[in-house]
Amino acid sequence: MNLRRTGSAAVLLGTLSLSLMACGSDSNNDDAAPSAPETTASDTMNAGADTFGPGCSAIPKEGAGSFNGMATAPVATAASANPLLETLVAAVGAAELGDTLNSADGITVFAPTNDAFGKIPKKDLDGVLADKALLTKILTHHVVAGQLSPDEVAGTHETLAGDKITVKGSGEEFTVAKENAAVLCGNIPTANATVYVIDTVLMP
């Protein structure tokens, strides 16, 4: 079966100082220029700045499924907000792996898209989804230890399933495992993981 920030203390202190100065002023000049609006972390965050790949254009621009949204959530929760990964999320749910992935301390996930799962004949896919042990083995085969940057991801890595996968390539072009799964959007940050969205499901 073929089968990607913070508000500075100095900024906050500066804002507080300006507020105190305004309160202590004897001037009631209505023509005074208004102060600039405070910049928040969400205004300046750009979690997608270091992502790459043709599939990145399909990531929502706003909301929980956007790069900024996913960067604040653990990986399984982040994936659940991404419309490209609905089938993967359903599979993770069926295998009851959501808590395991969300609580993991620094992992890299190779995440197959809905279309990747669509390459598998429906009968075969339904069979895998119904077999929790097999499904768990397949899904954990997509997870390796460490949040791997594009400079680190190429090479052979042990998976959460206990076997190994090899990533080939460099720069912004990578393929994964014997399936030569192409990375469609790479180096996506979540709160506890780095995600590489791929176009093919990997088999142990």
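Keep in mind that what you see is a predicted model, and the values were worked out from it rather than measured.

A. Geometry of the nonpolar core. Counting residues in hydrophobic clusters, the biggest one holds 38 residues, and the most contacted among them are Phe67 and Leu139. When residues in this core are grouped by element, the largest group, four residues, is from helix 4 (residues 75-80). With near-sequence residues (within four places) excluded, Leu139 lies in contact with Leu88, Ala91, Val92, Ala95 and Leu97. Counting 15 residues, the second-largest nonpolar core is a separate cluster that includes Val144, Val167, Val176 and Tyr196.

B. Just the state of the cysteines, in detail. Counted under the stated rule, the structure contains one disulfide. There is a disulfide in this structure between Cys56 and Cys185, and the S-S distance comes to 2.1 Å. On the sign convention where negative is left-handed, the bridge of Cys56 and Cys185, at about 100 degrees about the S-S bond, is right-handed. Taken together, the residues Cys56 in the loop between helix 2 (41-44) and helix 3 (67-71) and Cys185 in strand 6 (residues 181-189) connect sequence positions 129 residues apart. Cys185 carries the same exposure label as Cys56, and that label is buried.

C. Local environment of helix 5 (residues 86-94). Where helix 5 is concerned, the buried positions are Leu88, Ala91 and Val92. Relative to the axis of helix 5, the buried residues are bounded by an arc of 100 degrees and lie together on one face. Residues of helix 5 that are buried in the fold lie against helix 6 (98-103), strand 1 (107-112), helix 7 (114-118), helix 8 (122-130) and helix 9 (132-140). In the stretch just after helix 5, Glu96 is the one whose phi turns positive, near 55 degrees.

D. Structural detail: unusual backbone geometry. A positive phi angle, near 60 degrees, is found at Ala177, a position not held by glycine. Mapped onto the secondary structure, Ala177 falls in the loop between strand 5 (173-176) and strand 6. Owing to a relative accessible area of 16%, Ala177 belongs among the buried residues under this scheme. Positive phi outside glycine occurs at Asn180, with the angle close to 50 degrees. Here Asn180 shows up in the loop between strand 5 and strand 6.

Each value, and the rule that gives it
- For every chain, the first residue of the written sequence is number 1, and numbering continues from 1 onward in sequence order.
- This being a predicted model, a pLDDT of at least 70 is required before a residue's local features are given, and a value of 80 or more before pairs of side-chain atoms are given or counted; all residues contribute to the totals for chains, interfaces and linings.
- To obtain the side-chain values, all non-hydrogen atoms of the structure were used and water was disregarded.
- By convention a nonpolar core is built from buried Ala, Val, Leu, Ile, Met, Phe, Trp, Tyr and Cys residues, the set being connected through side-chain atoms within 4.5 Å.
- Burial classes follow relative accessibility: with a 1.4 Å probe on protein chains only, a residue under 20% of its type's maximum area counts as buried, one over 50% as exposed, and anything between as partly exposed.
- Numbering of helices and strands starts at the N terminus; helices are DSSP runs of H or I of at least 4 residues and strands are runs of E of at least 2.
- In this description, contact between two residues means that some pair of their heavy atoms is separated by no more than 4.5 Å.
- What counts as a disulfide here is a pair of cysteine sulfur atoms lying within 2.5 Å.
- What the arc describes is the spread of directions from the helix axis to the C-beta atoms.

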